[in-house]
Amino acid sequence: MAERYDAWYDSPKGARLFTVELACLRLALGQPPPHPWLEVGVGTGRFAAALAVDEGTDAAAAPLALAAQRGVCVRQAPAERLPYSEGQFGSVFMIMTLCFVDNALQALRECARVLRRDGVTVVSFVPRDSAWGQAYERKAQAGHPFYSASVFYL
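Scoring rules and cut-offs
Residues numbered from 1 in each chain as written. Predicted model: local features only at pLDDT ≥ 70, side-chain atom pairs only at ≥ 80, totals over all residues. Heavy atoms only, no water. Phe/Tyr/Trp six-rings, centres within 6.5 Å; stacked < 30°, edge-to-face > 60°. Buried < 20%, exposed > 50% of the residue type's maximum accessible area, 1.4 Å probe, protein only. Helix = DSSP H or I, 4+ residues; strand = E, 2+ residues; numbered from the N terminus. Arc of directions from axis to C-beta. Contact = heavy atoms within 4.5 Å. Polar contact = N/O pair within 3.5 Å; in protein donor to acceptor, adjacent residues only side chain to side chain. Core = buried A, V, L, I, M, F, W, Y, C linked by side-chain atoms within 4.5 Å. Pairing = 2+ DSSP bridges. Axes fitted to C-alpha atoms, helices over the stretch in contact; angles between N-to-C directions.

I would appreciate a short explanation of the packing of aromatic side chains in the present structure.
Think of a pair of aromatic rings as described by two things: how far the centres are apart, and how the planes are tilted against each other in angle. Per the stated rule, a full pass over the model turns up seven aromatic pairs. Arranged with centres 5.6 Å apart and planes meeting at 80°, the rings of Tyr-5 and Tyr-9 form a pair that is edge-to-face. The buried category is assigned to Tyr-9, whose relative accessible area is 9%. Three or more aromatic residues link up through ring pairs in this structure, and these residues are Tyr-5, Trp-8, Tyr-9, Phe-18 and Phe-47.

Quick look at the structure:
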């Protein structure tokens, strides 16, 4: 389903949302945080490519192939078991990933483990009680192929 997911961002609605989400991320970053950058849950690499992220991981192989086509250096690994040494990255990003991992606390611990002491972690997510969160919850309950396995927080 990687190509189906990725193609949605090429639709008029998807392209507008990507532009807004990317602007929000850039605003949240302020001054660029220290490199190298890692995106955990890089998926198809749209955000990583747009932000010039150095490396990305994802548990699924199919989206990683698309990310690699976008020039992102990728490794297949679940967020809960990152294949990197301690303190290897200046910044770690989780962009709309937390709701899809099996163990959110372990995934966040792994992000902290591979982050340098002076590093920055950026986690973006949809709060469960927000309008988007409620819409995604309805989609999940209806059996949506992407959101039926998701867990929304807060």
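Back to the text.
Got a minute to help me understand helix 5 (residues 104–114) in this structure?
Side chains of residues three or four places apart in an α-helix project in the same direction, reflecting 3.6 residues per turn. Among the residues of helix 5, Ala-104, Ala-107, Glu-110, Cys-111 and Val-114 are the ones counted as buried. Buried residues along helix 5 cover an arc of 120° about the axis, so they all sit on one side. If you follow the buried residues of helix 5, they end up packed against strand 1 (37–40), strand 4 (89–95) and strand 5 (115–124). Backbone nitrogen of Leu-105 and a side-chain oxygen of the N-cap are separated by 3.3 Å at the start of helix 5; the cap is Asn-103.

Sorry, what's going on with the nonpolar core here?
Generally speaking, nonpolar side chains in soluble globular proteins are found buried as a group. Counting residues in each nonpolar core, the largest one holds 17 residues, and the members touching the most others are Leu-25, Trp-37, Phe-47, Leu-51, Val-53, Phe-93 and Ile-95. When residues of this core are traced back to their parent elements, those giving at least two are helix 2 (12–29), helix 3 (46–51), helix 4 (61–69) and strand 4. Among the elements that line this core, the one with the most residues is helix 2, at four residues. Non-local contacts of Trp-37, meaning those with residues more than four positions away in its chain, are made with Leu-29, Pro-32, Leu-51, Ala-52, Val-53, Asp-54, Glu-55, Phe-89, Ser-91 and Phe-93. Counting residues in hydrophobic clusters, the runner-up holds 15 residues, among them Val-40, Phe-89, Leu-98 and Ala-104.

Looking at this model, I keep getting lost on the sheet that holds strand 4. Mind explaining?
Sheet strands line up and pair through hydrogen bonds in the backbone, either parallel or antiparallel. Across the sheet, five strands lie side by side as 3-2-1-4-5; this open sheet has parallel pairing. Two strands bound the open sheet, and with one partner strand each, they are strand 3 (73–76) and strand 5. Between one strand and the next, the sheet's axes are offset by a mean angle of 20°, whatever the strand orientation. Note: strand 4 against strand 5, six bridges, orientation parallel. Each residue of the ladder has a partner; that of Met-94, found in strand 5, is Val-123.

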